[in-house]
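Observations on the model geometry
Single-letter residue listing:
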Amino acid sequence: MQRMKDVSPSLWTDFNTERTNKTMEQLEKLIAKDLLSIRAVFFRPQEPFTWASGIKSPVYCDNRLTLSAPDVRTDVENGLAELIKANYPEAEVLMGTSTAGIAHAAITAHLMGIPMGYVRSGAKDHGRQNQIEGKLEKGQKVVVVEDLISTGGSVLEVVEVLRDAGAEVLGIVSIFTYGMKKGIERLAAANVKNVSLTNFDVIAEVAAETGYIRPEDVAKLIQFRNNPSDESWIGA
């Protein structure tokens, strides 16, 4: 698999000028191949997984695995840094979601030379009872770092906490998005922008191209993504 060190440097520097659709497509496919190569995204349309919600899914995503794969981790963190520079050039602080976004926020902030922190799922019941860890001043421009976006509920809770603390949330960067209708609508209603390194459609396409899944399985995957509560794709 082609790693970032083998990719033309313009793939990254173009983000700071006038980014082309071709460049973004290259990035999306690179990250898709990375995630598939380490089974961070695992497709099983013939034997669906069951989510905690009870929904049956043909895909399981564990982006924490990127932290254990140095080459993939390099692609991901450099990619997040460039997305932030391109889409949120005024960013002053990165805030990771707890717990999946913390490491990615820390590494990306280090690459960019800016502060980071993270938002707990709830305030501590001891000490200073912080929910936001790390220094954050009112009015600072913040980008939230998340590993994946599905329905958007958890990341929007983080955005709300930061806004209540007086931060100006510029938006979100994430490794992967399902592109689910519910998530898109929630983000739009909250007036929050998300930019992802790759997405469900691209990963499904790359998985079919590389023989990871059958070409005919792509339609099942898209059917699931469009309406997760509809299980008619199973056995189709």
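Let us look at the structure shown here. (Residues numbered from 1 in each chain as written. Predicted model: local features only at pLDDT ≥ 70, side-chain atom pairs only at ≥ 80, totals over all residues. Heavy atoms only, no water.)

**Let's talk about the nonpolar core**
Of all hydrophobic cores here, the largest spans 43 residues; its most connected members are Leu35, Phe43, Val173, Phe176, Tyr178, Phe200 and Ile203. The greatest single-element share of this core, amounting to 7 residues, is contributed by helix α7 (residues 200-209). Sequence-distant contacts of Ile203, that is, excluding residues within four places in its chain, are made with Ala32, Leu35, Leu36, Val41, Phe43, Phe176 and Thr198. Residues Ile132, Leu162, Ile172 and Leu187 belong to the second largest nonpolar core, which totals 18 residues. (Core = buried A, V, L, I, M, F, W, Y, C linked by side-chain atoms within 4.5 Å. Buried < 20%, exposed > 50% of the residue type's maximum accessible area, 1.4 Å probe, protein only. Helix = DSSP H or I, 4+ residues; strand = E, 2+ residues; numbered from the N terminus. Contact = heavy atoms within 4.5 Å.)

**Concerning the layout of surface pockets**
In this structure, the largest pocket encloses a volume near 780 Å³. Lining the largest pocket are 39 residues, with Leu148, Ser150, Thr151, Gly152 and Ser154 sitting closest to its centre. Elements with a contribution of two residues or more to the lining of the largest pocket: β4 (59-61), β8 (141-149), α5 (153-164), α6 (181-189) and α8 (217-226). Among the elements that line the lining of the largest pocket, the one with the most residues is α5, at 6 residues. Broken down by class, the residue content of the lining of the largest pocket amounts to 15 nonpolar, 15 polar and 9 charged. (1 Å grid on protein atoms, 1.4 Å probe; cavity = no way out; pocket = protein on both sides within 12 Å on 5 of 7 lines; lining within 4 Å. Points joined across faces, edges and corners; volume = space filled by probe spheres on them. Nonpolar A, V, L, I, M, F, W, Y, C, P; charged D, E, K, R; others polar.)

**Considerations on the packing of α7 against α8**
At a minimum axis separation of 10 Å, α7 and α8 run at an interaxial angle of 165°. Considering the angle they form, α7 stands roughly antiparallel to α8. The way α7 lies across α8 gives a crossing that is right-handed. Facing α7, whose interface residues are Phe200, Asp201, Ala204 and Ala208, α8 presents Val218, Leu221, Ile222, Phe224 and Arg225. (Axes fitted to C-alpha atoms, helices over the stretch in contact; angles between N-to-C directions. Parallel < 35°, antiparallel > 145°, perpendicular 65-115°, else oblique. Left-handed = near helix turned anticlockwise from the far one by under 90°.)

**Side note on the pairing of β8**
Where a strand is regular, its side chains alternate between the two sheet faces. Judged by how many residues are buried, β8 sits mostly within the fold: 8 of 9 residues are covered. Of the strand pairs in this sheet, strand β5 (residues 93-97) and β8 are connected by 4 bridges, and their pairing is parallel. If you follow Val93 over to β8, its bridge partner there is Val142. With α5 bridging β8 and the parallel strand β9 (residues 168-177), this β-α-β connection has right-handed handedness. (Pairing = 2+ DSSP bridges. Right-handed = clockwise from strand over helix to strand, strands pointing away.)

**Comments concerning the packing of aromatic side chains**
Under the counting rule described, the total for this entry stands at 9 aromatic pairs. An angle of 75° between the planes, with centres 6.2 Å apart, marks the rings of Phe43 and Phe200 as edge-to-face. Of this pair, Phe43 sits in strand β1 (residues 41-43) while Phe200 sits in helix α7, and the two are 157 residues apart along the sequence. One exposure class covers both Phe43 and Phe200, and it is buried. Note on Phe49 and Tyr60: the rings are 5.7 Å apart at their centroids and 40° apart in plane angle, and the pair reads as tilted. One end of the pair, Phe49, is in strand β2 (residues 49-50); the other, Tyr60, is in strand β4, with 11 residues separating them in the sequence. Classification of Phe49 as buried rests on a relative accessible area of 14%. (Phe/Tyr/Trp six-rings, centres within 6.5 Å; stacked < 30°, edge-to-face > 60°.)

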